[in-house]
Amino acid sequence: MALKVNSVKFNFIMNFILTASSILFPLITFPYISRTLLAAGSGAVSSAASVLSYFAMFASLGIPTYGIRACARVRDNREELSRTVQELMIINTVTTVLTYVVFLVLLAVVPKFAAEKELLMINSISLILNVIGVSWLYSALEEYGYIASRTLIFKVISIVFMFLMVKSPDDYIIYGAISVFAGSGSYVLNFLRLRRYVDFKKTQPYHFKEHLKPIMIFFATSAGISVYTNLDTVMLWMMKTNVDVGYYSAGIKVKSVLSTLITSLGTVLLPRLSYYAEKGNKDEFFKIIAKACNFVVLLGAGVTVYFWMYAKESILLLAGTDFYGAIAPMKYLMPTVLFIGLSNVTGIQVLTPTGREAKVLYSILAGAATDFVLNLVLIPTIAADGAAIATTVAELVVLLVQCVYLKDTLPKIVKDISVRKVFVALVLAMVGGGAVHWLNITNLFLDLLVSAVVFFGIYGGMLILQKESFVCGTLENSIQMIRNKLNRR
């Protein structure tokens, strides 16, 4: 019996709510934590999380991404779905046990690890919770209503804990525990809810072998991604200080929030695109991809330029004057918002659903090598600024390599994008946004609010005046939906 699958529109709304929470909650927590823990405490928590991300990577291999594709392809067959989930959970359990043993050994012999033993041990709880969390299954089943609701509940609870328990720089370990609860606590609910969709009784022989090759490819891909998403933080921690990590992490925090906004559509589309690819429905596949690319370019370009212009105000409002050193890293990181959005389309939405994840791997490895070399050269001399520059160049390399692999398909993806119209809208928006500086608004929040209204008002207005197809089409569809609802009433 086929599972009931929600529409892409419903999934996008649910994921938009989830994305909005990913933007809203850091706006609540980051200003408080940065001012309470200061750069050193914030840097220590970020360093521990980055270190554990490597162990999590080895523990989960490529299952978080591969599991979505594998389960989406058999979601209409409960028996096949149950077998697939069982196989992936068994593989994940074995790798997690092995990884945890290595973690405990390193915790005992590496002085830098031993110095933050308590914080690292707390973060290691997430390794165990990841095994039972099977979040990839819920994404494959497009259960975005459930994913959004349980994530919001745990985030709200974690915020309450944060305000009640984190009062001074010495409470950074407590904050580390709260962060683990916020990120992985809901996985217990995932496990308890699992029997709704799969059976745990073994009904046929396991086929572990069929998963190993794609899992290892996805693992290598995630390993490459980790090099330039977490290695910067770890290398700063090893080569510089927690304060430098704090500066860099502040810029990364803003970049991550914005990237989540830009890539939100891709998260929803992966299982649906995998399904279309499996069924050979090319028309629907490329129709969705073209819309996704338009969404990324139009929103990503505006967000990138605006926050580059207002990096200083954003950092000072969110983190305070103790993080003045984070302004330059944030500016260097801003182009990655657009690069990540585009590579999410080319890699996660085109290459991965069509079974060309090896191509994604090669692009990631190229980016990882670029990032590692640039880190070695730049971090010793310009610290957080060097890490930010390395990350930006690495993301550009990833995108360019993927575009080379898609040179024949690329025209179908970008055919409706009007670069000229976007450029004109951006230039005029920059003029308007820059003019707000002349008003000398002293209140940071008000300054950002006024400048954002002016910048994005001009940007969106110019796209409409130029009759940009994606924006006008979306606007017309929204108006029609409202009219239909009013007529039904």
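### So, the overall build of the chain
A tally of helices and strands in the chain yields 21 helices and 0 strands. Evaluated residue by residue, the chain yields a buried proportion of 53% over its 489 residues. Residue pairs at least 24 apart in sequence account for 85% of intrachain contacts in the chain once pairs closer than 6 positions are excluded. Here the chain has roughly 21,700 Å² of accessible surface; of this, 68% comes from carbon and sulfur atoms.

### Points about the environment of alanine 49
Looking at the element boundaries, alanine 49 is found in helix H1 (residues 8-60). Residue classification places alanine 49 among the partly exposed positions, given a relative accessible area of 38%. Here the alpha-carbon distance between alanine 49 and serine 179, two residues 130 residues apart in the chain, equals 9.2 Å.

### Observations regarding unusual backbone geometry
Positive phi values are uncommon outside glycine, yet leucine 61 reaches one of about 50 degrees. A positive phi angle is found at asparagine 440, which is not glycine, with a value near 50 degrees. Within the fold, asparagine 440 resides in the loop between helix H19 (419-435) and helix H20 (444-465). Judged by its relative accessible area of 62%, asparagine 440 is exposed.

### A look at the state of the cysteines
Applying the stated criterion across every chain, the model contains 0 disulfides. Cysteine cysteine 293 shares no disulfide, and the gap to the nearest cysteine sulfur, in cysteine 403, comes to 8.7 Å.

### Some points on the packing of helix H2 (residues 63-73) against helix H3 (residues 78-109)
Contact geometry for H2 and H3: axes closest at 10 Å, N-to-C directions at 170 degrees. Taken together, the axis directions place H2 and H3 in an arrangement best described as roughly antiparallel. Both H2 and H3 take part in a crossing whose hand is right-handed. Where H2 approaches H3, its residues Ile63, Tyr66, Gly67, Ala70 and Cys71 are matched on the opposing element by Leu81, Thr84, Val85, Leu88, Ile91 and Asn92.

### Examining the side chain of serine 314
Assignment of secondary structure puts serine 314 in helix H14 (residues 311-318). With a relative accessible area of 4%, serine 314 lands in the buried category. A distance of 2.7 Å separates a polar atom in the side chain of serine 314 from the backbone oxygen of tyrosine 310. Setting aside residues up to four positions removed in sequence, serine 314 forms contacts with Phe307, Met330 and Leu448.

### Focus on the packing of helix H11 (residues 231-239) against helix H17 (residues 357-405)
Where H11 contacts H17, the axes come no closer than 10 Å and their chain directions differ by 65 degrees. The element H11 and its partner H17 pack so that their crossing is right-handed. Listed contacts from H17 to Leu231, Asp232, Met235, Leu236 and Met239 of H11 are Asp371, Phe372, Asn375, Leu376, Ile379, Pro380, Ala383, Ala384, Ala387 and Thr391.

### Describing the confidence of the model for the chain
Summary statistics for the chain give a mean pLDDT of 83 and a share of 89% for residues scoring 70 or more. For the chain, per-element mean pLDDT is lowest for helix H21 (residues 469-488), which scores 70, and highest for helix H15 (residues 327-333), which scores 94.

### As for the nonpolar core
If you look at the biggest cluster of nonpolar residues, it comprises 61 residues, and the most contacted ones within it are Val85, Leu120, Trp136, Leu137 and Tyr248. Sorting elements by how many residues they give to this core places H1 first, with 9 residues.

### Considerations on a nonpolar patch on the surface
Judged by side-chain polarity, Ile153, Val156, Ile157, Val160, Phe161, Leu164 and Met165 come together as a nonpolar surface patch covering roughly 600 Å² of accessible area. Relative to the assigned elements, valine 160 resides in helix H7 (residues 144-165). The partly exposed category is assigned to valine 160, whose relative accessible area is 43%.

### Things to note about the pattern of salt bridges
Evaluation of the coordinates by the stated rule reveals 4 salt bridges. Arginine 78 is paired through a salt bridge with aspartate 199; the nearest N and O atoms lie 3.0 Å apart. Residue arginine 78 is located in helix H3, and its partner aspartate 199 is located in the loop between helix H9 (187-192) and helix H10 (209-229); the two are separated by 121 residues in the primary sequence. Salt bridges linked by common partners bring Glu80, Arg83 and Glu87 together as one network.

### A look at the packing of aromatic side chains
Summed over all chains, the structure comprises 20 aromatic pairs. Here tyrosine 32 and phenylalanine 163 contribute two aromatic rings whose centre-to-centre distance is 4.8 Å and whose plane-to-plane angle is 65 degrees, an arrangement assigned as edge-to-face. Separated by 131 residues along the polypeptide, tyrosine 32 in helix H1 and phenylalanine 163 in helix H7 bring together distant segments of the chain. Considering the side-chain rings of phenylalanine 55 and phenylalanine 103, the 5.1 Å spacing of their centres and the 80 degrees angle between planes classify their relative orientation as edge-to-face. Of the two residues, phenylalanine 55 is situated in helix H1 and phenylalanine 103 in helix H3; the sequence distance between them amounts to 48 residues. Judged on exposure class, the residue phenylalanine 55 and its partner phenylalanine 103 are both buried. Three or more aromatic residues link up through ring pairs in this structure, and these residues are Tyr306, Phe307, Tyr310, Phe455, Phe456 and Tyr459. Lying across the ring of tyrosine 146, arginine 193 places its NZ or CZ 3.9 Å from the centre. Sitting above the plane of the tryptophan 308 ring, lysine 331 keeps its charged end 5.2 Å from the centroid.

Conventions used here
- Residues numbered from 1 in each chain as written.
- Predicted model: local features only at pLDDT ≥ 70, side-chain atom pairs only at ≥ 80, totals over all residues.
- Heavy atoms only, no water.
- Helix = DSSP H or I, 4+ residues; strand = E, 2+ residues; numbered from the N terminus.
- Buried < 20%, exposed > 50% of the residue type's maximum accessible area, 1.4 Å probe, protein only.
- Contact = heavy atoms within 4.5 Å.
- Areas by Shrake-Rupley, 256 points an atom, 1.4 Å probe, with all protein chains shown as cover.
- Disulfide = S-S within 2.5 Å.
- Axes fitted to C-alpha atoms, helices over the stretch in contact; angles between N-to-C directions.
- Parallel < 35°, antiparallel > 145°, perpendicular 65-115°, else oblique.
- Left-handed = near helix turned anticlockwise from the far one by under 90°.
- Polar contact = N/O pair within 3.5 Å; in protein donor to acceptor, adjacent residues only side chain to side chain.
- pLDDT = per-residue confidence, 0-100.
- Core = buried A, V, L, I, M, F, W, Y, C linked by side-chain atoms within 4.5 Å.
- Patch = residues over 30% accessible without salt bridge, like charges linked within 9 Å, V, L, I, M, F, W, Y side chains within 5 Å.
- Salt bridge = Lys/Arg side-chain N within 4 Å of Asp/Glu carboxyl O.
- Phe/Tyr/Trp six-rings, centres within 6.5 Å; stacked < 30°, edge-to-face > 60°.
- Lys NZ or Arg CZ within 6 Å of the ring centre and 35° of its normal.

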